[in-house]
Amino acid sequence: GTGARTVRPTMRTRSSIAPVTTSPSPLILPLLLLAAAFPATEAAAAAMQISPLLSTCVDACRLGCREIRAVESKRRGGASSPDDDGESSSVGLDVSLKDVSDIKSALTEADRRAQAAIVGALRSEWGPDLTIVGEEDGDDDVEAILSEMKFDPLDRTMFFDDELGEGGADIDPSDIIVYVDPLDGTREFVEGRLANCQSLVGIAVGGEAVAGAVGLPFPAGDLSTEATIVYGLADFGTGVVGEPLTRGPFPLDHNIDGVKYPRPHIASGDSTAEVMVAAREAAVNRFKGSSVLYGGAGNKILGAALGEVSASVQHKYGGPWDVCAPEAIIRGFGGRITTLFGEEMRYGPNYPPRFNKRGYVATPSGSDVDHDALVAALLAQPAVQQYRKEADEARAKEE
């Protein structure tokens with residue numbers, strides 16, 4: 001149908017991961033195969049397993065959403081939705097800009113508190129052997145908040161299964177990096193467009209996004225419902241905990257004129273950069289659809305994963321924390337993501353300089369926009385070619 005789909009929670013008790021949309025079998029075998037690909041060495045400090053690590057990332061993501069919601073509640077004066085005599089506005093919200101010339105670089109109390117909650121909980125749980133990279137690392141205010149927080153043990157057992165023992169074969173911690181974007185869509189949060197906001201916790205192993213959690217602190221666009229956490233294992237499946245997910249496919253039917261904005265819908269931000277103007281025009285001309293506005297890197301990719309849009313296109317993003325978790329989710333749903341130029345996404349200590357400037361193209365499973373054809377249409381544009389040339393030259397200078 002064309003109405004919004006509700007994906008029910010699948011992980012509230014100790015059981016194997018039950019994919020919502022892809023393989024109908026539990027994810028026991030994929031977890032074992034993943035672990036076998038990155039075996040722990042005898043010299044490794046404390047071996048880890050993906051199953052309990054993903055479980056704790058989901059739990060930490062929940063804590064991040066809680067902090068974001070608390071800041072929003074304070075901003076509204078305790079009201080739960082706009083109809084409760086509260087308005088979501090920047091009044092009373094402490095906002096700073098990391099780049100004074102770029103509103104997209106906004107940083108708020110919600111970013112800082114969510115970063116402290118997620119990173120602090122994961123560090124407390126796993127110790128120094130787990131490498132965690134957060135977008136707000138190095139912020140003095142985050143460190144001050146961290147010093148005041150106390151952390152209970154995280155839940156390692158959401159995906160526990162007898163066949164996995166404690167969660168599968170061991171993986172050397174040096175192969176693992178957890179990327180945290182505490183509040184993806186800070187600009188949207190400041191402007192009160194809360195449905196665009198997410199909290200992202202992604203797991204990369206051996207330079208590849210393999211699992212992650214995408215938290216939606218405001219599933220209904222306000223505080224009237226609890227947070228939703230979408231989790232996934234790349235190429236194998238996804239699930240939901242918390243509030244049922246009521247997004248996708250095609251929620252745009254409710255608020256976009258289908259005649260004025262015909263499908264396929266191709267999501268992007270509001271950038272007026274020449275490369276994005278050319279990219280939007282190329283996509284619409286090639287597939288005869290419409291360009292629609294989505295805020296937040298993770299939100300654009302999730303929109304594609306859920307089938308809300310046929311593709312999402314962006315020429316740059318903040319860093320690996322913006323795309324690691326969303327990549328795992330869209331691949332868990334059977335979709336695909338590459339750079340704007342058709343390259344595989346990359347993570348880890350060998351993350352190329354300025355790789356975030358290579359952007360992304362994301363398409364859902366069964367999309368009416370063919371991924372490779374879309375990339376080819378983009379690459380045929382002189383503005384995209386020039387952008388790629390500049391990106392290649394800038395990267396070469398730093399390598």
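Residues numbered from 1 in each chain as written. Predicted model: local features only at pLDDT ≥ 70, side-chain atom pairs only at ≥ 80, totals over all residues. Heavy atoms only, no water.

Observations concerning the overall build of the protein
Condition: Numbering of helices and strands starts at the N terminus; helices are DSSP runs of H or I of at least 4 residues and strands are runs of E of at least 2. Throughout, a residue-residue contact means that at least one pair of heavy atoms, one from each residue, lies within 4.5 Å. The Shrake-Rupley method, run with a 1.4 Å probe, gives the accessible areas here. Residue values count only the displayed protein chains as cover.
Across its full length, the protein holds ten helices and 13 strands. The contacts of the protein with a sequence gap of at least 6 include a subset with a gap of at least 24, amounting to 73%. Approximately 16,400 Å² of the protein is accessible, and the part contributed by carbon and sulfur atoms is 49%.

So, helix α10 (residues 382-398)
Where we set the bar: By this rule, a helix spans an expected 1.5 Å times one less than how many residues it contains. Each residue is placed in one exposure class: buried if its accessible area under a 1.4 Å probe, protein chains only, is under 20% of its type's maximum, exposed if it is over 50%, and partly exposed if it falls in between. The directions considered for the arc run from the helix axis to the C-beta atoms.
The end-to-end C-alpha separation of α10 is 25 Å, in line with the 24 Å expected for 17 residues at 1.5 Å each. Here α10 has its buried residues at A383, V384, Y387, A391 and R395. On an axial view of α10, the arc spanned by its buried residues comes to 100°, and they lie on one face. Every exposed residue of α10 that faces more than 90 degrees away from the buried side is listed here: P382 and K397. Here the buried face of α10 lies against α6 (274-287) and α9 (371-379).

Re the confidence of the model for the protein
Selection rule: As a per-residue measure, pLDDT reflects the predictor's confidence and takes values from 0 up to 100.
Confidence in the prediction of the protein, expressed as mean pLDDT, is 83, and 76% of residues score 70 or more. Contacts of residues 40-44 to residues separated by more than four positions or lying in other chains number seven contacts, the stretch itself having pLDDT below 50. Across residues 79-91, where pLDDT falls below 50, the model places 25 contacts with residues more than four positions away in sequence or in other chains.

Focus on the packing of helix α2 (residues 50-75) against helix α3 (residues 109-126)
The relative placement of two packed helices is expressed as an angle between their axes plus a distance between the axes. So the rule is basically this: Note on geometry: axes are C-alpha line fits, over the in-contact stretch for helices, and angles between N-to-C directions span 0 to 180 degrees. Each angle is binned into one of four classes, with values under 35 degrees roughly parallel, values over 145 roughly antiparallel, values of 65 to 115 roughly perpendicular, and all other values oblique. Here a crossing is called left-handed whenever its near helix is offset anticlockwise from the far helix by less than a right angle, and right-handed whenever the offset is clockwise. In the scheme used here, Gly and all other residues not listed as nonpolar or charged are polar, with Ala, Val, Leu, Ile, Met, Phe, Trp, Tyr, Cys and Pro taken as nonpolar and Asp, Glu, Lys and Arg as charged.
The geometry of α2 relative to α3 is characterised by a closest axis approach of 8 Å and an angle of 155° between their N-to-C directions. Comparing the axis directions of α2 and α3 gives the class roughly antiparallel. As α2 runs across α3, the sense of the crossing is right-handed. Contacts from P52, L53, T56, C57, A60, L63, G64, E67, I68, V71 and K74 of α2 reach α3 at E109, A110, R113, A114, A117, I118, A121, L122, E125 and W126. Per-class residue counts for the contact of α2 with α3 are 14 nonpolar, two polar and five charged.

Some thoughts on the side chain of R358
Convention followed: Pairs of N or O atoms within 3.5 Å make up the polar contacts considered here, provided that, within protein, one atom can donate a hydrogen while the other can accept it, and that residues adjacent in sequence are counted only when both atoms are side-chain atoms.
Mapping R358 onto the fold places it in the loop between β12 (336-338) and β13 (360-363). On the basis of relative accessibility, which here comes to 1%, the residue R358 falls in the buried class. Polar side-chain contacts of R358 include one of 2.9 Å to the side chain of E343. Those residues in contact with R358 that sit more than four places away from it in its chain are H315, T339, L340, F341, E343, R388, A391, D392 and R395.

Digging into the sheet that holds β13
Stated precisely, the cut-off is as follows: Two strands qualify as a pair provided that DSSP identifies no fewer than 2 bridges between them.
Within the open sheet, the five strands sit side by side as β10-β9-β11-β13-β12. Their pairing is mixed. The open sheet terminates on both sides in strands that have one partner only, identified here as β10 (290-293) and β12. On average, each strand axis in the sheet is inclined to that of its neighbour by 20°, with strand direction left out of account. As judged from the four bridges shared by strand β9 (residues 265-268) and β10, these two strands associate in the parallel manner. Of the residues in β10, the one forming a bridge with H265 is S290. This element, α6, spans β9, β10 and β11 (311-314) of the sheet and lies at about 170° to β9.

Focus: the environment of G307
Tracing the chain through its elements places G307 in the loop between α7 (297-305) and β11. For the pair G307 and H265, spaced 42 residues apart in sequence, the C-alpha separation works out to 9.9 Å.

Description of the pairing of β9
Put simply, the rule reads: By the criterion used throughout, a crossover qualifies as right-handed when its path from the first strand across the helix to the second strand runs clockwise, the strands pointing away from the viewer.
Side chains of β9 alternate between two faces, with H265 and A267 and I266 and S268 buried alike. With α6 bridging β9 and the parallel β10, this β-α-β connection has right-handed handedness. As defined by bridge partners, β9 adjoins β11 across two bridges and the pair is classed as parallel. Bridging across to β11, I266 finds its partner in A311.

Considering the nonpolar core
Inclusion rule: Here, nonpolar core refers to any group of buried Ala, Val, Leu, Ile, Met, Phe, Trp, Tyr and Cys residues whose side-chain atoms link them within 4.5 Å.
One finds V58, L122, V178 and I203 to be the most contacted residues of the largest nonpolar core, which totals 41 residues. Contributions of two or more residues to this core are made by α2, α3, α4 (140-148), β4 (176-184), β5 (198-205), β6 (208-216) and β7 (228-233). In terms of residue count, α2 provides more of this core than any other element does, nine residues in total.

So, the sheet that holds β5
Pairing is mixed in the open sheet, where six strands are placed in the order β3-β4-β5-β6-β7-β8. Edge positions in the sheet fall to β3 (131-134) and β8 (237-242), since each of these pairs with one other strand and no more. Sheet twist, expressed as the mean angle between neighbouring strand axes with direction ignored, is 15°. Of the pairings in the sheet, the one linking β5 to β6 comprises seven bridges and is antiparallel in character. Residue pairing across strands places I203 opposite A211, the latter belonging to β6. Against the sheet, α3 contacts β3, β4 and β5, and its axis sits at roughly 155° relative to β4. On top of the sheet, α7 reaches β4, β5 and β6; it is set at about 80° to β5, its chief contact.

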